[in-house]
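Here are the chains, one letter per residue:
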Amino acid sequence: MLYLGYKESEYISMNILRILANSGMDYEKKNEALEKYDIRLKGGLSKEVRSMCDYGDYVEKMGTEKGIAQGKEQGLFFR
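Residues numbered from 1 in each chain as written. Predicted model: local features only at pLDDT ≥ 70, side-chain atom pairs only at ≥ 80, totals over all residues. Heavy atoms only, no water.

## Describing the overall build of the protein chain
1) Next: Within the protein chain, the secondary structure is distributed over three helices and zero strands.
2) Next: Secondary structure elements in the protein chain, listed N-terminal to C-terminal, are α-α-α.
3) Next: For the protein chain, whose C-alpha radius of gyration is 17 Å, the value lies well above the compact-globule estimate of 12 Å for 79 residues.
4) Next: By principal-axis analysis of the C-alpha atoms, the protein chain measures approximately 50 × 30 × 25 Å.
5) Next: Here the protein chain holds 79 residues, and 20% of them are scored as buried. (Helix = DSSP H or I, 4+ residues; strand = E, 2+ residues; numbered from the N terminus. Rg over C-alpha atoms; globule rule 2.2 N^0.38 Å. Buried < 20%, exposed > 50% of the residue type's maximum accessible area, 1.4 Å probe, protein only.)

## So, unusual backbone geometry
1) Next: For Asp-38, which is not a glycine, the phi torsion comes out positive at approximately 60°.
2) Next: Structurally, the position occupied by Asp-38 is in the loop between helix 2 (27-35) and helix 3 (43-73).
3) Next: Residue classification places Asp-38 among the exposed residues on the basis of a relative accessible area of 63%.

So far we have only geometry, and geometry alone does not tell us how the molecule works.
Written as structure tokens, this is what we have:
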């Protein structure tokens with residue numbers, strides 16, 4: 001387990017990991033942020049990062065849907 005912290009680090013590798021692990025950034029924002037460190041997402045790496053972003057969105061969507069379903073079952077969901 002790594003603690004990446006909440007702010008920019010003096011260590012470039014930690015900043016790169018923080019960008020890649022940030023679930024609040026979409027692929028385009030990650031790509032822009034990585035360019036600051038002269039990293040360009042191309043080929044296989046580009047595909048992997050995009051896939052990772054898509055998977056994070058999928059997990060969030062599934063969690064939200066599950067939470068709404070549980071709320072409906074318990075009568076806690078209001079519209």
